[in-house]
Amino acid sequence: QVQLVESGGGLVQPGGSLTLSCVGSGSMFSVNTMGWSRQAPGKQREPVALISRIDLRKHYVDSVKGRFTITRDNAKNTVYLQMTNLTAEDTAVYYCTAGRAWLRRDYWGHGTQVTVSS
(Lines give C-alpha, C1' and ligand atoms only; values in the text may rest on other atoms or scores of the structure.)
Protein backbone atom coordinates (compact mmCIF):
# COMPACT_ATOMS: atom_id res chain seq x y z
CA GLN A 1 0.00 0.00 0.00
CA VAL A 2 0.98 3.60 -0.59
CA GLN A 3 -0.08 6.54 1.54
CA LEU A 4 -0.12 10.09 0.17
CA VAL A 5 -0.38 13.31 2.17
CA GLU A 6 -0.94 16.64 0.46
CA SER A 7 -0.21 20.13 1.75
CA GLY A 8 -0.10 23.69 0.48
CA GLY A 9 -3.69 24.42 -0.47
CA GLY A 10 -5.44 27.63 0.44
CA LEU A 11 -7.04 30.82 -0.77
CA VAL A 12 -5.30 32.81 -3.49
CA GLN A 13 -6.31 35.79 -5.59
CA PRO A 14 -6.79 35.52 -9.37
CA GLY A 15 -3.43 35.78 -11.08
CA GLY A 16 -1.67 34.51 -8.01
CA SER A 17 0.51 31.47 -7.44
CA LEU A 18 0.48 28.49 -5.13
CA THR A 19 2.63 25.39 -4.70
CA LEU A 20 1.24 22.05 -3.57
CA SER A 21 3.35 19.29 -2.05
CA CYS A 22 2.67 15.58 -1.60
CA VAL A 23 4.73 13.11 0.40
CA GLY A 24 4.36 9.42 -0.27
CA SER A 25 5.09 6.57 2.11
CA GLY A 26 4.70 2.81 2.23
CA SER A 27 5.46 0.73 -0.87
CA MET A 28 6.86 3.59 -2.90
CA PHE A 29 9.22 1.19 -4.71
CA SER A 30 6.17 0.04 -6.69
CA VAL A 31 5.25 3.55 -7.84
CA ASN A 32 6.05 4.52 -11.44
CA THR A 33 3.96 7.68 -11.77
CA MET A 34 2.98 10.43 -9.37
CA GLY A 35 0.64 13.26 -10.11
CA TRP A 36 -2.20 15.56 -9.29
CA SER A 37 -5.88 15.38 -10.08
CA ARG A 38 -8.61 17.83 -9.17
CA GLN A 39 -12.34 17.94 -8.69
CA ALA A 40 -14.24 21.19 -8.99
CA PRO A 41 -17.75 21.60 -7.57
CA GLY A 42 -20.27 19.85 -9.79
CA LYS A 43 -17.60 18.44 -12.09
CA GLN A 44 -15.90 15.11 -12.55
CA ARG A 45 -12.46 14.45 -11.17
CA GLU A 46 -9.77 15.08 -13.81
CA PRO A 47 -6.05 14.45 -14.02
CA VAL A 48 -4.08 17.72 -14.04
CA ALA A 49 -0.41 16.74 -14.19
CA LEU A 50 1.57 13.51 -14.02
CA ILE A 51 5.28 12.80 -13.77
CA SER A 52 7.29 9.65 -14.16
CA ARG A 53 9.53 8.62 -11.26
CA ILE A 54 11.96 6.75 -13.54
CA ASP A 55 12.45 9.02 -16.55
CA LEU A 56 11.74 12.57 -17.72
CA ARG A 57 8.17 12.10 -18.89
CA LYS A 58 5.52 14.59 -17.83
CA HIS A 59 1.90 15.02 -18.86
CA TYR A 60 -0.38 18.02 -18.41
CA VAL A 61 -4.04 18.60 -19.16
CA ASP A 62 -4.37 21.29 -21.83
CA SER A 63 -6.03 23.81 -19.51
CA VAL A 64 -2.93 24.11 -17.29
CA LYS A 65 -0.14 23.90 -19.84
CA GLY A 66 2.21 26.86 -19.49
CA ARG A 67 0.82 27.71 -16.05
CA PHE A 68 1.42 24.62 -13.90
CA THR A 69 4.70 22.77 -13.41
CA ILE A 70 5.05 19.34 -11.83
CA THR A 71 8.35 18.28 -10.30
CA ARG A 72 9.51 15.46 -8.05
CA ASP A 73 12.18 14.58 -5.53
CA ASN A 74 12.51 10.82 -5.44
CA ALA A 75 14.86 10.89 -2.45
CA LYS A 76 12.07 12.53 -0.45
CA ASN A 77 9.21 10.60 -2.13
CA THR A 78 7.70 13.99 -2.84
CA VAL A 79 5.92 15.53 -5.79
CA TYR A 80 5.20 19.24 -6.21
CA LEU A 81 2.74 21.22 -8.28
CA GLN A 82 3.68 24.83 -8.92
CA MET A 83 0.61 26.76 -10.05
CA THR A 84 0.83 30.24 -11.53
CA ASN A 85 -1.59 32.70 -13.11
CA LEU A 86 -4.46 31.02 -11.27
CA THR A 87 -8.05 31.66 -12.27
CA ALA A 88 -11.40 30.92 -10.67
CA GLU A 89 -11.66 27.86 -12.93
CA ASP A 90 -8.73 26.34 -11.03
CA THR A 91 -10.77 26.26 -7.82
CA ALA A 92 -11.05 22.62 -6.80
CA VAL A 93 -9.96 19.97 -4.38
CA TYR A 94 -6.55 18.80 -5.53
CA TYR A 95 -5.61 15.16 -4.97
CA CYS A 96 -2.17 13.62 -5.07
CA THR A 97 -2.03 10.34 -6.96
CA ALA A 98 0.43 7.49 -7.41
CA GLY A 99 0.37 4.73 -9.98
CA ARG A 100 2.14 1.46 -10.69
CA ALA A 101 2.55 2.29 -14.38
CA TRP A 102 2.76 5.39 -16.56
CA LEU A 103 -0.38 7.54 -16.30
CA ARG A 104 -2.03 5.23 -13.77
CA ARG A 105 -3.65 6.60 -10.63
CA ASP A 106 -3.92 3.64 -8.25
CA TYR A 107 -3.53 5.48 -4.96
CA TRP A 108 -5.09 8.75 -3.82
CA GLY A 109 -4.49 11.25 -1.06
CA HIS A 110 -7.30 12.88 0.89
CA GLY A 111 -7.07 16.11 -1.06
CA THR A 112 -6.32 19.76 -0.37
CA GLN A 113 -8.63 22.66 -1.20
CA VAL A 114 -7.48 25.38 -3.58
CA THR A 115 -9.75 28.40 -3.86
CA VAL A 116 -9.07 31.21 -6.32
CA SER A 117 -11.10 34.25 -5.41
CA SER A 118 -10.75 37.97 -4.85
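Described in the following lines is the structure provided in the data block. (Residues numbered from 1 in each chain as written. Predicted model: local features only at pLDDT ≥ 70, side-chain atom pairs only at ≥ 80, totals over all residues. Heavy atoms only, no water.)

## Concerning the sheet that holds strand β1 (residues 2-7)
Pairing is antiparallel in the open sheet, where 4 strands are placed in the order β1-β3-β8-β7. Both edges of this open sheet fall to β1 and β7 (68-73), since each of them pairs with a single strand only. If you compare each strand with its neighbour and ignore which way they point, the axes differ by 20 degrees on average. Pairing of β7 with strand β8 (residues 78-83), which is carried by 6 bridges, proceeds in the antiparallel orientation. Each bridged residue has a counterpart across the sheet, and for R72 the counterpart in β8 is V79. (Pairing = 2+ DSSP bridges. Helix = DSSP H or I, 4+ residues; strand = E, 2+ residues; numbered from the N terminus. Axes fitted to C-alpha atoms, helices over the stretch in contact; angles between N-to-C directions.)

## Things to note about the side chain of R38
The topology assignment puts R38 in strand β4 (residues 33-39). You can call R38 buried: its relative accessible area is 6%. Looking at R38, its side chain comes within polar contact range of the side chain of D90, at 3.0 Å. A polar contact is formed between the side chain of R38 and the side chain of Y94, at a distance of 2.9 Å. In contact with R38, other than residues within four places in its own chain, are Q44, R45, E46, V48, S63, V64, F68, E89, D90, A92, V93 and Y94. (Buried < 20%, exposed > 50% of the residue type's maximum accessible area, 1.4 Å probe, protein only. Polar contact = N/O pair within 3.5 Å; in protein donor to acceptor, adjacent residues only side chain to side chain. Contact = heavy atoms within 4.5 Å.)

## Quick word on the packing of aromatic side chains
All chains considered together, the criterion is met by 1 aromatic pair. The interplanar angle of 75 degrees and the centroid separation of 6.0 Å between the aromatic rings of Y95 and W108 together place this pair among those described as edge-to-face. With Y95 in strand β9 (residues 92-99) and W108 in strand β10 (residues 107-108), this residue pair connects regions lying 13 residues apart in the sequence. For R45, the ring lying beneath its charged end belongs to Y95, and the centroid distance is 4.0 Å. A cation sits over an aromatic face here: R57 above W102, 4.7 Å from the ring centre. (Phe/Tyr/Trp six-rings, centres within 6.5 Å; stacked < 30°, edge-to-face > 60°. Lys NZ or Arg CZ within 6 Å of the ring centre and 35° of its normal.)

## Let's talk about the environment of I70
Structurally, I70 can be placed in strand β7. Overall, the relative accessible area of 0% leaves I70 in the buried class. When the C-alpha atoms of I70 and G10 are compared, they prove to be 18 Å apart, with 60 residues separating the residues in sequence. Aside from chain neighbours lying at most four places away, what touches I70 is M34, G35, W36, A49, L50, I51, K58, Y60, V79, Y80 and L81.

Purely spatial values, then, with no claim about function.
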